[in-house]
Structure formats: C-alpha cells, structure tokens
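Chain residues, written in single-letter form:
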Amino acid sequence: MPEPVVAAATVADLVGDRAADWDRAGRLPEEVVRKLGAAGLLAAQIPTAHGGPGWSSLDNGVFTARVGSLCSSLRSVMTSQGMAAWTVERLGSRAQATSLLPRLASTETAAVAFSEPQAGSDLSAIATTVTIEGDALLLDGHKVWVTAAEHADLFLVFARYGEGGAVVVVPRSAPGVRLRRRSDPLGCRAAGHADVWFDGVRLPTDSLLGDGGQSLSLLVTTALTYGRISVAWGCVGILQACLAAAVDHAGRRHQFGNPLAQHQLVARHLADLWSAEQVATRVCEHASRCWDEGSPEVVTATVLAKYVSAGHAVRAAADAVQVLASAGAQDGHPVARAYRDAKVMEIIEGSTEMCQLMLADRALHRR
Ligand code: FAD
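Quick caveat: nothing in here was measured; it's all calculated off a predicted structure. (Residues numbered from 1 in each chain as written. Predicted model: local features only at pLDDT ≥ 70, side-chain atom pairs only at ≥ 80, totals over all residues. Heavy atoms only, no water.)

## Let's talk about the overall build of the protein chain
- A tally of helices and strands in the protein chain yields 11 helices and 9 strands.
- Taken over C-alpha atoms, the radius of gyration comes to 21 Å for the protein chain, in line with the 21 Å a tight globule of 367 residues would show.
- Its C-alpha atoms put the protein chain at 80 × 50 × 40 Å along the principal axes.
- For the protein chain, the residues scored as buried account for 55% of the 367 residues in total.
- Put simply, of all contacts in the protein chain between residues at least 6 apart along the chain, 73% involve residues at least 24 apart.
- As displayed, the protein chain offers around 15700 Å² of accessible surface, 54% of which is attributable to carbon and sulfur atoms.
- Of the charged side chains in the protein chain, 33 are positive and 37 negative, and the gap between their average positions amounts to 4 Å. (Helix = DSSP H or I, 4+ residues; strand = E, 2+ residues; numbered from the N terminus. Rg over C-alpha atoms; globule rule 2.2 N^0.38 Å. Buried < 20%, exposed > 50% of the residue type's maximum accessible area, 1.4 Å probe, protein only. Contact = heavy atoms within 4.5 Å. Areas by Shrake-Rupley, 256 points an atom, 1.4 Å probe, with all protein chains shown as cover. Lys, Arg positive; Asp, Glu negative; His and termini not counted. Charge placed at Lys NZ, Arg CZ, Asp CG, Glu CD.)

Structural data, given as structure tokens:
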C-alpha cells in the first residue's frame, strides 16, 4: 500500500497541469479516477484488514489537501468515496464491511445521495422510501446533485424506512436507476454531478446497511462527519494553491518600479492569505486528531473545521484573484478556478449557516 509521500507524488503526476482542461470539459478522465481507486487512494482510511491503506485521518487529510490544491473536482470524488466507505464501516454489518470495503479500496467507486428537490439543508424532509416487499427491498425516490454519480458503480442512498431511516447500497446497474448529468455547475465542474432517480428499484434485503430503522439524523451525521473533515482539508488545498500563486505573482510582477509584494496594500493580501492557510490547517489538524483519538469532540471539531476552512477559502481565493488581477481573471487560471470552487465549499456538507447553527448550539450548551 502507498505511503502518503509517495501517494502525493503519484497524484501530482496523474493530475499534472490538466486540471484546468478537465474543469473546462466538465469531466475527469475515467482512467484517472480508476487509477487512484486501484491504488486505494480514493478512500485511504479504509482499514488494512479490509484491503485499504489504513491511513490515519491526519495522513489522509494532508493528502486530501494536496489533491485539493491540484484539482477540487478530483478531491470531491475522493470525499464521496471516503464518505461511502466510512458509512459502510460505521453502519454496515461485519459481512457488509467484508464484502464492500475491499471493493471500495480497489475496483469500485461510490457516490452518496442525501439531497432531494425538497430536502436540502433540512434532510428530515427526505421523501425517498425503502420498503420490504416479500423477500426484496423496494426503493423509490429522486436525489439531486450527487457528486461523482457519473463515475459511480454504487450509490449509498439515504431513505425513510418505517418510522426511521436507512442507508441502502444500490448498484448503478440495477433496473430502475436513471441518471441525468448536472452540467455547468459553478465550481468543482468536473466532479461528475448528476441527479439520480430510483424508480421501483428491487434489491436484495442485505442491501440495507446494518438493520436500518435508526434516526435519519444519526445516519446523516455519521456520513457527514467524514464528508466535512474531507471538504475542510480540501479547502486547505485551495488555500495552499491560492497562497502559492499570489506569492509567486507578487514577487515577479512589477508596478510603479517595484514588485507588487513591496506595495503594502498588496502585502496585506499576502498576510491574509498566509494567515487563512495557517488557521484552516490548524483547525483541520485538530479535527483529525479528534478523529484519530476517537474523541467525542469529533463531531463539533469537524463542523468547526469545515466552517472555518470554507469561509477562509472563499475570502482567500478572492484575495488571490485581487493580487493577480487581470492575470487571475482568466478562465483556466488556478486562482479563477479556486474562486469558483471555494464558493461551493460554503454550500456542501452543511452550508455555512447550518454550521453556524450547530456551533451556536455547542456554544449555548458548553459548560
Ligand atoms: P437550501 O437548503 O434551500 O438553503 C438555501 C439557503 O438558505 C442556504 O444558504 C442555507 O444555508 C440557508 N438556510 C436554509 N435553512 C436555514 C435555516 N434554518 N437557517 C438559516 N439559513 C438557512 N447532495 C448530496 O446528497 N450528495 C452530494 O454528493 C452532493 N454534492 C453536491 C455538490 C455540489 C457542487 C453542490 C452545489 C451541492 C451538492 N449536494 C449534494 C447538495 C448539497 O448538499 C445541498 O446543496 C446543500 O445541503 C444545501 O441545500 P440546498 O442547496 O437545497 O439549499
């Protein structure tokens, strides 16, 4: 299994300078996704006992930032795969983990479907249902904005099940599964987003992760805790890319007889960029340590990491475009892409407002 340092070099080779082309085309090459998957790097926290690299959250986070600094679309696909694997590990039976995790650590890709036309921030409004019909399960519903759907062999679908909820593992090839691509999203344009319909999909009963019937909110929080920390580290990557581009440009470009970096108002942007990258890194490290130590603080720490990192990424990407000015105001430039990608980070995995509500709740009940 690859070590984090080797993996970082592998992904740099795989992406090269092609992220802007993928962004414009709105697609990641399938072979890039499959190569990372085959190396176990789409979900590097899958335990070695299940055929994965078994990395810590901290090692995986640093790697996720590296990928995020190169290509947020590819990082988004990693987030989906890692979130799917974690959900199986946490909620699945031993037999399900033994069957599914080695596949997710090698040959198969997965996408996670929570959102629906009427269930965005409020996932208690999920209307998709799973019911038992004789010796089979029947799944009916419509999911929207599913990242990595175009690459997925499997969907993890969050649904109502009796009085509670359930997560159902659905092969893309199952009769009744239909996809419609989401074209031209604002950011992460190449991450294979699609809306997915599940029309009377019949599945074996062991497609239900665990026993089903838990509260929907518990199921969603389990998956999103992984998703949030992964997105937060992806934001660190966006910050690293913006900082590097701004520092490089401010050192080389001269105006009024001096490098831009020597104009103090430009230097202030560099200070803000560096501070943002440092702060986001520290909150992500804290969240990953909580994860690795099994601390009960992990849920709050991941919300905090996601909230802080996404907000800093949005402001810092704007700073970077400002430092580069016309040089960065060009589609295809990394800071222009970062500007769009960063904004999406404030929407997904719990919007900024949802994070604020959760953090306010924590503040009110802290004692
Ligand atoms: P709404 O819930 O309609 O909210 C609109 C605005 O109102 C937001 O600013 C929100 O913060 C605010 N708001 C809502 N309620 C409150 C409140 N009570 N208090 C204060 N403010 C509030 N979904 C998946 O299931 N799987 C995926 O893989 C996935 N990938 C995505 C990728 C991208 C690029 C995007 C854009 C979305 C993706 N989504 C995915 C959907 C995403 O999870 C939702 O967009 C997100 O949860 C917000 O829901 P919404 O867009 O319906 O906004």
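On we go.
## Concerning the site of the ligand
- Around the ligand sit 18 residues in total, of which Phe 114, Ser 115, Ser 121, Trp 145 and Ser 351 are the nearest.
- Contacts to the ligand include Phe 114, whose backbone N or O atom sits 2.7 Å from an oxygen atom.
- For the ligand, whose unbound accessible area comes to 970 Å², protein coverage reaches 62%.
- Among the secondary structure elements, those contributing two or more residues to the shell around the ligand are strand S1 (110–113), strand S3 (136–146) and helix H11 (352–365).
- Broken down by class, the residue content of the shell around the ligand amounts to 11 nonpolar, 6 polar and 1 charged.
- Residues from two domains meet in the shell around the ligand; each of domain 2 (110–207) and domain 3 (216–364) gives at least three. (Near = heavy atom within 4 Å. Polar contact = N/O pair within 3.5 Å; in protein donor to acceptor, adjacent residues only side chain to side chain. Nonpolar A, V, L, I, M, F, W, Y, C, P; charged D, E, K, R; others polar. Domains from an automatic or database assignment.)

## Considerations on a negative patch on the surface
- Residues Glu 3, Asp 59, Asp 292 and Glu 293 make up a contiguous surface patch of negative charge.
- Tracing the chain through its elements places Glu 3 in the segment before helix H1 (4–15).
- The exposure class of Glu 3 is exposed, given its relative accessible area of 52%. (Patch = residues over 30% accessible without salt bridge, like charges linked within 9 Å, V, L, I, M, F, W, Y side chains within 5 Å. Salt bridge = Lys/Arg side-chain N within 4 Å of Asp/Glu carboxyl O.)

## Let's talk about helix H10 (residues 334–345)
- Along its 12 residues, H10 runs 16 Å from first to last C-alpha, staying within 8% of the 16 Å computed at 1.5 Å per residue.
- By the criterion of burial, H10 is predominantly enclosed, with 9 of the 12 residues buried.
- Val 335, Ala 336, Arg 337, Ala 338, Arg 340, Asp 341, Ala 342, Val 344 and Met 345 are the residues of H10 that are buried.
- Elements that come into contact with the buried residues of H10 comprise helix H2 (19–25), helix H4 (57–70), helix H5 (72–91), helix H7 (216–252) and helix H9 (298–324). (Expected span 1.5 Å × (residues − 1).)

## Things to note about the pattern of salt bridges
- With the rule as written, the count across this model stands at 18 salt bridges.
- Glu 116 serves as the salt-bridge partner of Lys 143, at 2.8 Å between the closest nitrogen and oxygen. Separated by 27 residues along the polypeptide, Lys 143 in strand S3 and Glu 116 in the loop between S1 and strand S2 (129–133) bring together distant segments of the chain.
- A relative accessible area of 0% places Lys 143 in the buried class.
- The closest approach of N and O atoms between Asp 248 and Arg 252, which form a salt bridge, is 2.8 Å. Residue Asp 248 and its partner Arg 252 are both found in helix H7; the two are separated by 4 residues, about one turn of the helix.
- Look at Asp 248 and you get partly exposed, because its relative accessible area is 38%.
- One network of salt bridges, with partners in common, ties together Asp 23, Arg 189, Asp 331 and Arg 340.

## Structural notes on the nonpolar core
- Counting 75 residues, the largest nonpolar core has Phe 114, Phe 158, Leu 209, Leu 273 and Met 345 as its most contacted members.
- By residue number, the principal contributor to this core is H7, which donates 19 residues.
- Apart from the residues within four sequence positions on either side, Leu 209 is in contact with Thr 87, Val 88, Leu 91, Gly 92, Gln 96, Leu 100, Leu 156, Val 167 and Val 169. (Core = buried A, V, L, I, M, F, W, Y, C linked by side-chain atoms within 4.5 Å.)

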